[in-house]
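Okay, here's what each chain looks like letter by letter:
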Amino acid sequence: MWAAGFAAHPIAAASALAVEPDGRVTVDRQMRSVSHPDVYVAGDSAFVIGDNGQPLPMSCASAGFTGMQATAAIIGDLTGRKISATSLSYVGNHISLGRKDGLFQVVDGDARSKSWALRGRTAARVKAAILGVNPWSLRHPTFGLPTRRYRAAAVREHDAVPA
């Protein structure tokens, strides 16, 4: 499932998945739906408790970590291997105000704003650099993912094809 614009798509609420009042799917630490463990959710559609004990906000800063955790959980479930825990931290809010202005507010472990922030052209350049990585990452979707060195552990009964 994918959502953008800080609003979860209503398809989750219309399904049988457990959702929060804001429409995000309630997931466990491994990014599995708490009501349907075979469904993995990442990004703005996922409601997960972060490392600080607070729900991760809808943000591209959160989406990357939830995507990495969902990937690790899927690989672990398919291979029978231990599922590695990805940090579910939230480091700050980044707002672009055009090419020459922006704001990057760093937050502490409780997601409270720190006393300093990057501002102006420096913040805009940092945001532009982050966005500049997107086209490259779209052309290299498997960069950083584990290699295919593990085979599936076993075929689950409901996945088996009848003879």
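In this text the structure is predicted, and so the values were computed from the model without any measurement.

Colleague: I would appreciate a short explanation of the overall build of the chain in the present structure.
Modeller: For the chain, the helix and strand inventory stands at 3 helices and 5 strands. Ordered by position from N to C terminus, the α and β elements of the chain give α-β-β-α-β-β-β-α. Here the chain, with 163 residues, has 29% of them falling under the buried criterion. Of all intrachain contacts in the chain linking residues separated by at least 6 positions in sequence, the fraction that spans at least 24 positions is 37%. Carbon and sulfur atoms provide 60% of the accessible area of the chain, an area that totals close to 10,800 Å².

Colleague: Is there a simple way to explain the pattern of salt bridges in this structure?
Modeller: Pairs may arise between side chains of opposite charge once their charged atoms sit close together. Evaluation of the coordinates by the stated rule reveals 4 salt bridges. With its nearest N and O atoms 3.8 Å apart, the salt bridge here joins Asp-28 to Arg-32. Residue Asp-28 is classed as partly exposed on the basis of its relative accessible area, which comes to 29%. Notably, a salt bridge pairs Arg-29 with Asp-51, separated by 3.6 Å at the nearest N-O pair. Placement of Arg-29 in the loop between strand S1 (25–26) and strand S2 (46–47) and of Asp-51 in the loop between S2 and helix H2 (60–79) is noted, with a sequence separation of 22 residues between them.

Colleague: Quick question: what am I supposed to make of the side chain of Ser-62 here?
Modeller: Here Ser-62 is to be found in helix H2. For Ser-62, a relative accessible area of 4% translates into the label buried. Within the local environment of Ser-62, its side chain forms a polar contact with the backbone oxygen of Pro-57, the two atoms lying 2.9 Å apart.

Colleague: What is the right way to read the pairing of strand S4 (residues 102–107) from this model?
Modeller: Every other side chain in a regular strand lies on the same face of the sheet, so the side chains alternate between the two faces. Extensive coverage of S4 is indicated by the burial of 5 of its 6 residues. Of the strand pairs in this sheet, strand S3 (residues 92–96) and S4 are connected by 5 bridges, and their pairing is antiparallel. For His-94, the partnering residue across the bridge sits in S4 and is Phe-104. Linking S3 back to S4 in an antiparallel pair, the connection comprises 5 residues, with Gly-98 at a positive phi of about 105°. As paired strands, S4 and strand S5 (residues 113–119) are joined by 4 bridges and run antiparallel to one another. Bridge pairing in S5 places Val-107 opposite Ser-113. From the end of S4 to the start of S5, which pair antiparallel, there are 5 residues, and Ala-111 there has a positive phi angle of about 65°.

Colleague: What exactly am I supposed to notice about H2 here?
Modeller: For an α-helix, the turn length of 3.6 residues means that residues three or four places apart are oriented alike. With 20 residues, H2 extends 29 Å between its outermost C-alpha atoms, agreeing within 8% with the 28 Å of an ideal straight helix rising 1.5 Å per residue. When H2 is considered as a whole, its buried residues turn out to be Ser-62, Thr-66, Gln-69, Ala-70, Ala-72, Ala-73, Gly-76 and Thr-79. Gly-80, located one to two residues past H2, shows a positive phi value of around 75°.

Colleague: Would you mind showing me how to read the nonpolar core here?
Modeller: One recurring pattern in soluble globular proteins is that nonpolar side chains are buried together. Val-25, Val-27, Met-31, Val-41, Ala-46, Val-48 and Leu-56 are the most contacted members of the largest nonpolar core, which totals 13 residues. Every residue in contact with Val-48, bar those within four places of it in the chain, is listed here: Val-27, Asp-28, Met-31, Gln-54, Pro-55, Leu-56, Thr-66 and Leu-88.

Colleague: How should helix H3 (residues 120–139) be read in this particular structure?
Modeller: Helix length check: H3, at 20 residues, gives a terminal C-alpha distance of 31 Å against a target of 28 Å (1.5 Å per residue), a fit within 8%. Buried residues of H3: Gly-120, Ala-123, Ala-124 and Lys-127, and no others. Down the axis of H3, the sector holding all buried residues measures 100°, keeping them to one side. Those residues of H3 that are exposed and angled more than 90 degrees off the buried face are Arg-125 and Arg-139.

Rules used throughout
- Residues numbered from 1 in each chain as written.
- Predicted model: local features only at pLDDT ≥ 70, side-chain atom pairs only at ≥ 80, totals over all residues.
- Heavy atoms only, no water.
- Helix = DSSP H or I, 4+ residues; strand = E, 2+ residues; numbered from the N terminus.
- Buried < 20%, exposed > 50% of the residue type's maximum accessible area, 1.4 Å probe, protein only.
- Contact = heavy atoms within 4.5 Å.
- Areas by Shrake-Rupley, 256 points an atom, 1.4 Å probe, with all protein chains shown as cover.
- Salt bridge = Lys/Arg side-chain N within 4 Å of Asp/Glu carboxyl O.
- Polar contact = N/O pair within 3.5 Å; in protein donor to acceptor, adjacent residues only side chain to side chain.
- Pairing = 2+ DSSP bridges.
- Expected span 1.5 Å × (residues − 1).
- Core = buried A, V, L, I, M, F, W, Y, C linked by side-chain atoms within 4.5 Å.
- Arc of directions from axis to C-beta.

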